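# Secondary and tertiary structure notes
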Amino acid sequence: MDAGSCNGCEIEIASIFSPTYDAERFGIRLEASPRHCDGLLVTGPVTRNMAAPLRKTFDAVPQPRVVVAVGDCARDCGVFRGAYGVEGAVSDVVPVDLEIPGCPPDPAAIVRALRGLAGT
Amino acid sequence: MSTGWSITSMSAISLLQVVLVIVGGPLLLGFMRKVRCRMEGRVGPPVHQPLLDLRKMAGRERTRPEHASWVFPLAPVVLVATTLVVAAVAPLLATDPAFGWSADLFAVVFLLLLGSVSLALGALDTGTAFGGMGASRAMTIGALAEPALLVAILALSVPAHSSNLPTIIIRSLAHPAWLATPERVLALVAFVIVIVAESGRLPVDNPSTHLELTMIHEAMMLEYAGPDLALVKLAESMRLVVLFTLLADLFVPWGIATSPGPWHLAVALASTAGKLVVLGAALAVFEVTVAKLRLFRVPELLAGAFVLATLAVLSTLVVP
């Protein structure tokens, strides 16, 4: 879920499903609905406008669920820290289970983190 | 029908068919995904991944939209139940499962339609925009595809003088020359188009899309979670196996068990698995090479299927 990111992390997330990284071979997939998800990948600092949608999306994911903060902005607001439109880091809005550092993180690092979560 | 079938062997066949459809459905989807991934230059998930996904979903929380009524949780159950009934009575492995006399072509088509309608009602019940949109699209396609399916099988039932599926298959086996007649070929093309539309595959619907606006079947299950989602996904794969097996048994019936005995059933099981692999691989390869049709072009495709099926029926009347 994009909570206000610059789309850099999204490009890296999209590329983990490319033939080079092929995260689908580990059973990792993007889903169209939060109801179908095991976890949320949240990117970007949480902007004021996206805080409520993020909470709603989090509530829509069935238990047991995990939240992964992808990228430096999601971890601690990164270069946007203190900006007037920023509510805070992802962990200020919803509980975060795993953080993936980087600006943007390497696709291999994302795949490694997700495999660690799934235990594959 | 054929003699020598005891109640126990007939029930055993029905049970075997149900197991085949429940286990074979997810495996078939996994196999098709594997073929697609390989053609796209990827390794892809293991073939049994859909089974693992189903097990995982079954153990998750069952969420329910705020405004949903009792229709919402009931829809997946009806969808699975109707498919299971078809899997039990239809001649998938042998020409005489328990209650084979009830496997009338109208009954089978209407049971499948009942499942589709219940899922559409469940989607409407969520009160979300995408649920309603998916339901309306699925019904538009269903209203065009189901008559084509009905008429296509009707073309096969005319020379067999029966609308009972086992009887059609037994009489086709007795008259191999029927299998290459014009009406068979026309009905086959119509049947294939209907299967693609009914099971929500490309070019009618894209099962792996993430864009809600282009969804048809997927849009209806957006709100389902946990065990309900597992039921809907299971039913989806079961319907694909049922339709594929009916296609194979009606048009290439060799291999289906016509007399009882474990040996005949083993041959039937092997030949059905072989047919499913061939059909699944063919559909997966086809899906990689085509793009999705615009929604407004889909009725034209299905109307074409209906015309072909009607021509098939007409040619049975013209060609004696």
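Whatever comes next refers back to the structure up there.
The notes below deal with the structure included here.

About the cut-offs
Residues numbered from 1 in each chain as written. Chains lettered and ligands numbered in written order. Predicted model: local features only at pLDDT ≥ 70, side-chain atom pairs only at ≥ 80, totals over all residues. Heavy atoms only, no water. Helix = DSSP H or I, 4+ residues; strand = E, 2+ residues; numbered from the N terminus. Contact = heavy atoms within 4.5 Å. Phe/Tyr/Trp six-rings, centres within 6.5 Å; stacked < 30°, edge-to-face > 60°. Buried < 20%, exposed > 50% of the residue type's maximum accessible area, 1.4 Å probe, protein only. Buried area = accessible area lost by both parts, 1.4 Å probe. Salt bridge = Lys/Arg side-chain N within 4 Å of Asp/Glu carboxyl O. Polar contact = N/O pair within 3.5 Å; in protein donor to acceptor, adjacent residues only side chain to side chain. Core = buried A, V, L, I, M, F, W, Y, C linked by side-chain atoms within 4.5 Å. Patch = residues over 30% accessible without salt bridge, like charges linked within 9 Å, V, L, I, M, F, W, Y side chains within 5 Å. Areas by Shrake-Rupley, 256 points an atom, 1.4 Å probe, with all protein chains shown as cover. Axes fitted to C-alpha atoms, helices over the stretch in contact; angles between N-to-C directions. Parallel < 35°, antiparallel > 145°, perpendicular 65-115°, else oblique. Left-handed = near helix turned anticlockwise from the far one by under 90°. Nonpolar A, V, L, I, M, F, W, Y, C, P; charged D, E, K, R; others polar. Pairing = 2+ DSSP bridges.

Residue and element names in this part refer to chain B. Summarising the element assignment, Pro91 is placed in the loop between α3 (71-89) and α4 (105-125). Through-space distance from the C-alpha of Pro91 to that of Asn164 is 9.9 Å; in sequence the pair is 73 residues apart. Apart from residues lying up to four places away in sequence, Pro91 is in contact with Gln17, Pro97, Ala103, Leu165, Pro166, Ile169, Asp249 and Ile256.

All names here are of chain B. Overall, the coordinates contain two aromatic pairs over all chains when judged by the stated rule. Look at Phe72 and Tyr224: their rings are 4.2 Å apart centre to centre, the planes differ by 0 degrees, and that puts the pair in the stacked class. Of this pair, Phe72 sits in helix α3 while Tyr224 sits in the loop between α8 (217-220) and α9 (226-251), and the two are 152 residues apart along the sequence. On the basis of relative accessible area, Phe72 is assigned to the buried category, the value being 1%.

This part takes up the interface of chain A and chain B. Each side of the interface is counted separately: chain A has 22 residues, and chain B has 26 residues. At the boundary of chain A with chain B, total buried surface from both sides reaches about 1900 Å², with 46% on carbon and sulfur atoms. The largest per-residue losses of area from chain A upon contact with chain B belong to A:Glu24, A:Arg35 and A:His36, which jointly make up 32% of the total buried on that side. For the interface between chain A and chain B, the tally reads six salt bridges. Salt-bridge contacts for A:Asp38 lead to B:Arg60; the nearest nitrogen and oxygen are separated by 3.0 Å. Inspection of the chain A/chain B interface yields 16 residue pairs in polar contact (both at pLDDT 80 or more).

Further remarks concern the nonpolar core. Residue and element names in this part refer to chain B. Ile153, Leu165, Phe191, Tyr224, Leu246 and Leu250 are the most contacted members of the largest nonpolar core, which has 77 residues in total. Per element, the largest residue contribution to this core is 15 residues, and it comes from α9. Among all residues touching Leu165, those that are not within four sequence positions of it are Pro91, Ala103, Asp104, Leu105, Val108, Ile153, Leu246 and Leu250.

Moving on to the pattern of salt bridges. Here the idea is simple: oppositely charged side chains can pair when their charged atoms come close. Counted according to the given criterion, the structure contains 19 salt bridges over all chains. For B:Asp249, the salt bridge is made with B:Lys275, and the minimal N-O distance between the two is 3.5 Å. With B:Asp249 in helix α9 and B:Lys275 in helix α10 (residues 262-289), this residue pair connects regions lying 26 residues apart in the sequence. For the pair shown, B:Asp249 and B:Lys275 are each scored as buried. Three or more residues are tied together by salt bridges with common partners; here these are A:Asp22, A:Glu24, A:Arg25, B:Arg36, B:Glu40, B:Arg42, B:Arg201 and B:Glu287.

Residue and element names in this part refer to chain B. Residues Leu15, Val19, Ile22, Val23, Leu27, Val47 and Leu51 make up a contiguous nonpolar surface patch of about 500 Å² in total accessible area. With five residues, the single largest contributor to the nonpolar patch is helix α1 (residues 7-39). Examined against the element boundaries, Leu27 turns out to sit in helix α1.

Residue and element names in this part refer to chain B. Contact geometry for helix α7 (residues 182-198) and helix α11 (residues 298-318): axes closest at 8 Å, N-to-C directions at 155 degrees. The orientation of α7 with respect to α11, classified from their angle, is roughly antiparallel. As α7 runs across α11, the sense of the crossing is left-handed. Contact residues: Glu183, Leu186, Ala187, Val189, Ala190, Ile193 and Ala197 in α7; Leu301, Leu302, Ala305, Leu308, Ala309, Leu311, Ala312, Ser315 and Thr316 in α11. The residue inventory of the contact of α7 with α11, partitioned by class, reads 13 nonpolar, two polar and one charged.

This next bit is on the sheet that holds strand β3 (residues 66-70) of chain A. Residues and elements named next belong to chain A. Read across the sheet, three strands follow the order β1-β3-β5 without closing on themselves; strand pairing throughout is parallel. Every interior strand has two partners, whereas the edge strands, β1 (39-43) and β5 (98-100), have only one. Put simply, the sheet's adjacent strands are angled 20 degrees from each other on average, direction ignored. Here three bridges tie β3 to β5, and the two strands are oriented parallel to one another. Bridge pairing in β5 places Val68 opposite Leu98. Across the sheet, helix α1 (residues 8-15) lies against β1 and β3, angled at about 140 degrees from β1, the strand it touches most.

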